[in-house]
Amino acid sequence: MITRLQPGPLREWGLGLVAGVFAFAGSAVAGTPGESCLVIADPTERLACFDREIGAAARGPADRAQSPQPSPVSPVAPVAASPAASAPSLLDAAWGFAPDSRKAYVRLYQPNYLLFARYTDDVNTSPYEPLFDAFAEDGDFEDVEAKFQLSFKGRLLTTEDRRWGLWFAYTQQSQWQLYSEDISRPFRETNYMPELFGSFRPGIELGSFRWNVLNFGYTHQSNGRADPISRSWDRLFVEAGIERDDFAIVARAWTRIEPSNYEDDNPDITDYLGHGQVTALYRWRDNTFTLMGRGNLDTGKGAAQFSWTSRPLLGPLRAHFQLFSGYGESLIDYDWNQTTVGLGVTLNESL
């Protein structure tokens, strides 16, 4: 008696097994599902690939044809760094011409330095002789002394684009007989110079240079002494600065305001200090070299000063070398010709 296999669960299971075997054989020929995913390094992308491949194999060819195909994974291109904003020029940085600079602030102005030792080839004692005679003191100054300068400026007002500004400034320079123990180490001379001026950025191309600053205002300078060693003068000035890369030239011209209500302590001061000065500055590998010249063409008298400022050595401190020759290293020496050389430290260079 032959018994036929009736349709039922067992038959359906057998047919499914046969279909599974054929499906496995077909996938083996085509490649194991997910095999191509093994080469993907990124874990997230690799997992997504396995989900797609194995899920597609389980759904069958008809479902795969209907399902949207994922776009091929492309290697992630590195994001190009945005170009750094160009650094402000020497003059723009010195005068806060950047549009995003603060409207009102205080910063360093002329070099703030301390010369531990400054030597002169000709000590000027003549202005002090009346004092020494009156107090029966010895006026034998040492030819080596300390010298320091403090200087800052502040912007009071400015326009929205920062091209115009109103500034004040203060500079104080002192010559200190630090090594004159016999005369109690006095301050031989101290000069005080407040200034009030406007500043403008022309931004005009002049050949390979750019005219980036125009200042104009008033300055007073005095040594705060009484007769016979009182020295002072007042000036109106205009100043222009041009630059190219790491090189800048700043020229200042002035006219003296003649005193009217008191005796002039130094009526011939312009014969020695002239009517203007020119300063050239060059920055190289974070070292700064500065050369200043001034004088009076009619009298043939004037002065020159060279300075070198090193890169930072200790925090903000830099080495500072200064060589001066001519008239007017200080007000008390305005008519005294000498050559001095000094070495010390500074917080900032000119500008």
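In this text the structure is predicted, and so the values were computed from the model without any measurement.

With that out of the way, let us pick up the overall build of the chain. Of regular secondary structure, the chain possesses 6 helices and 14 strands. Within the chain, contacts between residues separated by at least 24 positions form 57% of all contacts whose residues are at least 6 apart in sequence.

All right, on to the pairing of strand β9 (residues 247-257) then. Of the strand pairs in this sheet, strand β8 (residues 232-244) and β9 are connected by 11 bridges, and their pairing is antiparallel. By the bridge assignment, F237 is partnered in β9 with W254. Counting the residues in the hairpin turn of β8 and β9 gives 2 residues, including D245, whose phi is positive at 55°.

Moving on, we get to the pattern of salt bridges. As enumerated under the stated definition, the model contains 13 salt bridges in all. The network of salt bridges with common partners includes R118, E145, K147, R188, E329 and D333.

A contiguous patch of negative charge, built from D140, E142, D143, E181 and D182, is present on the exposed surface. By the element assignment, D140 lies in the loop between α5 (129-135) and β3 (144-158). A residue is classified by how much of its surface remains accessible, and D140, at 53% relative accessible area, is exposed.

Moving on, we come to the side chain of S232. Checked against the element boundaries, S232 lands in strand β8. Judged by its relative accessible area of 10%, S232 falls in the buried class. Not counting residues up to four positions away in its chain, the partners in contact with S232 are H220, Q221, S222, R256, Y262, D265, N266 and L331.

Scanning the entire structure with this criterion turns up 16 aromatic pairs. Their ring planes at 85° and their centres at 5.1 Å tell us that Y128 and F141 sit as a pair that is edge-to-face. Of this pair, Y128 sits in the loop between β2 (113-120) and α5 while F141 sits in the loop between α5 and β3, and the two are 13 residues apart along the sequence. The same class applies to Y128 as to F141, namely buried.

Secondary-structure assignment places Y262 in the loop between β9 and α6 (269-273). Every residue in contact with Y262, bar those within four places of it in the chain, is listed here: S232 and D234.

With 24 residues, the main nonpolar core has W95, F197, W233, I269 and L351 as its most contacted residues. Those elements giving two or more residues to this core turn out to be α4 (90-95), β4 (164-176), β8, β9 and α6. Apart from residues no more than four positions distant in its own chain, W95 is found in contact with Y105, Y109, K153, R155, W167, F197, S199, V213, N215 and E239. In this structure, Y128, F132, I229 and I332 belong to the second largest nonpolar core, which totals 5 residues.

Let us look at the pairing of strand β11 (residues 287-296). Inspection of the sheet shows strand β10 (residues 276-284) paired to β11 by 8 bridges, in the antiparallel sense. What sits directly across from T279, in β11, is M292. Between β10 and the antiparallel strand that follows it, β11, lie 2 residues; R285 among them carries a positive phi value of about 50°. Of the strand pairs in this sheet, β11 and strand β12 (residues 301-314) are connected by 9 bridges, and their pairing is antiparallel. Bridging from a neighbouring strand, F289 pairs with W308 of β12. Linkage of β11 to β12, two consecutive antiparallel strands, is achieved through a turn of 4 residues, within which G300 is found at a positive phi near 75°.

This part is about unusual backbone geometry. Note on backbone geometry: most residues besides glycine have negative phi, and most peptide bonds are trans. Cis peptide bonds are those with omega within 30 degrees of zero, and the linkage from D227 to P228 qualifies with 10°. Notably, D286 is not glycine yet its phi reads approximately 70°, a positive angle. When you line up the elements, D286 lands in the loop between β10 and β11. What makes D286 partly exposed here is its relative accessible area of 35%.

A few words now on the environment of T299. By the secondary structure assignment, T299 is in the loop between β11 and β12. Taking C-alpha positions, T299 is 7.6 Å from Y272, a pair spaced 27 residues apart along the chain. Looking at T299, its side chain comes within polar contact range of the main-chain oxygen of D271, at 2.6 Å.

So, on to the confidence of the model for the chain. This prediction gives the chain a mean pLDDT of 83; 74% of its residues lie at or above 70. Residue range residues 73-84 is modelled with pLDDT below 50. Its contacts to residues more than four positions away, or to other chains, number 2 contacts.

So, on to a nonpolar patch on the surface. A cluster of nonpolar side chains, contributed by L108, L313, L314, L317 and L347, occupies part of the molecular surface with about 460 Å² of accessible area. Locating L314 in the fold gives a position in strand β12. Owing to a relative accessible area of 63%, L314 belongs among the exposed residues under this scheme.

Rules of the game
Residues numbered from 1 in each chain as written. Predicted model: local features only at pLDDT ≥ 70, side-chain atom pairs only at ≥ 80, totals over all residues. Heavy atoms only, no water. Helix = DSSP H or I, 4+ residues; strand = E, 2+ residues; numbered from the N terminus. Contact = heavy atoms within 4.5 Å. Pairing = 2+ DSSP bridges. Salt bridge = Lys/Arg side-chain N within 4 Å of Asp/Glu carboxyl O. Patch = residues over 30% accessible without salt bridge, like charges linked within 9 Å, V, L, I, M, F, W, Y side chains within 5 Å. Areas by Shrake-Rupley, 256 points an atom, 1.4 Å probe, with all protein chains shown as cover. Lys, Arg positive; Asp, Glu negative; His and termini not counted. Charge placed at Lys NZ, Arg CZ, Asp CG, Glu CD. Buried < 20%, exposed > 50% of the residue type's maximum accessible area, 1.4 Å probe, protein only. Phe/Tyr/Trp six-rings, centres within 6.5 Å; stacked < 30°, edge-to-face > 60°. Core = buried A, V, L, I, M, F, W, Y, C linked by side-chain atoms within 4.5 Å. Polar contact = N/O pair within 3.5 Å; in protein donor to acceptor, adjacent residues only side chain to side chain. pLDDT = per-residue confidence, 0-100.

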